[in-house]
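Listed below, chain by chain, are the residues.
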Amino acid sequence: MSTWIQSRQIGPAAVHSLTDGQFRLDGGAMFGSVPRVLWERATTPDELNRIRLRINPLLIQLGGENILVETGMWDQGGEKFEAMYALDRDETVFRGLDALGLSPEDIHLVINTHLHFDHAGRNVTTLGDPTFPNARYVVQKQELHDARHTHERSRASYLPAYIDPIEHAGLFEVVDGEHELRPGLSVLPLPGHNLGQQGVVLRQDGQTLVYVADLIPTLAHAPTAYIMGYDLYPVTTLDTRKRYLGQWFEEGAIICTPHDPDTAFAQLRPNPKGGFTLSAAQP
């Protein structure tokens, strides 16, 4: 089995955290208004002030279906793109699926939490065809609208090359707000990073797992004020966190972040100074 697969059972659902490799982003941008003297306690930047991140798709096997949350990092950016982000394909989502005995054709449903290139970039193959041809791709109505109508701050994050082919093939399953996709499996709007971001909530047999998307990109981002400079609506991010983190703590939810470089499954713990921290969940 792939080194990077971490697995957990949530009731009858088998949940596998996969990876599509590592990359780096500017630490200051990743932590917004939080000064480096604070955030570098949690992560060490390189000589270009970039911190190590990972791309963490999630595979949920439930009711005889294979459901993939996120598809992975855009793979057609070329040398300049890969150098800028220090992209390291130490593993890929495809090798992870193969290790589980699956191929892209075995995926029944894809959930795009949002359509940025580091989350939905593998929606299509290098030939421009849908990577998961037998799947519907679930996306929020707001997100698809915003991907089509970009502006100066959002344009670099959305690439039509992996969005348009899915739309032209009629494979987008567009939802508007909270929506139950399968019994006990829902998408939940988590605005702030952008307006159309959605998380994934799995509730089975009294257990809860939440894929939080970029509401909390890594475990180090759990403190309330640790909000990315990349967020288009940071105060909305703050409000969304205040709305849900307490609820997820009370539920004892397993939290999956999209970019933590080391930990797949985490849980919220009360912070003595207020709010919450995230640490690795017990097996």
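Scroll up for the structure.
Residues numbered from 1 in each chain as written. Predicted model: local features only at pLDDT ≥ 70, side-chain atom pairs only at ≥ 80, totals over all residues. Heavy atoms only, no water.

## Let's talk about the packing of aromatic side chains
Each pair of aromatic rings is reported with the distance of its centres and the angle of its planes.
Phase 1 of the analysis: Applying the stated criterion to the full structure yields 8 aromatic pairs.
Phase 2 of the analysis: Between Tyr244 and Trp248, the ring centres sit 5.5 Å apart and the planes meet at 10 degrees, which makes this aromatic pair stacked. In this pair, Tyr244 and Trp248 both sit in helix α8 (residues 234-251), 4 residues apart, roughly one turn of the helix.
Phase 3 of the analysis: Judged by its relative accessible area of 1%, Trp248 falls in the buried class.
Phase 4 of the analysis: An aromatic cluster of three or more residues is present, and its members are Phe31, Trp39 and Tyr226.
Phase 5 of the analysis: In this structure, Arg8 packs its charged tip against the face of Phe265, placed 6.0 Å from the ring centre.
Phase 6 of the analysis: In this structure, Arg54 is placed above the aromatic ring of Trp4, and the distance from its NZ or CZ to the ring centre is 3.6 Å. (Phe/Tyr/Trp six-rings, centres within 6.5 Å; stacked < 30°, edge-to-face > 60°. Helix = DSSP H or I, 4+ residues; strand = E, 2+ residues; numbered from the N terminus. Buried < 20%, exposed > 50% of the residue type's maximum accessible area, 1.4 Å probe, protein only. Lys NZ or Arg CZ within 6 Å of the ring centre and 35° of its normal.)

## Overview of the environment of Glu251
Phase 1 of the analysis: Along the chain, the position of Glu251 falls in helix α8.
Phase 2 of the analysis: For Glu251, a relative accessible area of 29% puts it in the partly exposed group.
Phase 3 of the analysis: Distance from Glu251 to Gly32, taken between C-alpha atoms, is 29 Å for residues 219 residues apart in sequence.
Phase 4 of the analysis: Aside from chain neighbours lying at most four places away, what touches Glu251 is Arg203 and Thr208. (Contact = heavy atoms within 4.5 Å.)

## Here's the deal with the pattern of salt bridges
Oppositely charged side chains may form a pair once their charged atoms are brought near each other.
Phase 1 of the analysis: Considering all chains together, one arrives at 12 salt bridges under this definition.
Phase 2 of the analysis: Measuring nitrogen to oxygen at the nearest pair gives 3.0 Å for the salt bridge that ties Asp20 to Arg122. Here Arg122 lies in the loop between α5 (117-120) and β8 (136-140) and Asp20 lies in the loop between β2 (13-17) and β3 (22-26), a separation of 102 residues in the sequence.
Phase 3 of the analysis: The shortest N-O distance in the salt bridge between Arg203 and Glu251 comes to 2.9 Å. (Salt bridge = Lys/Arg side-chain N within 4 Å of Asp/Glu carboxyl O.)

Geometric values such as these leave the question of function open.
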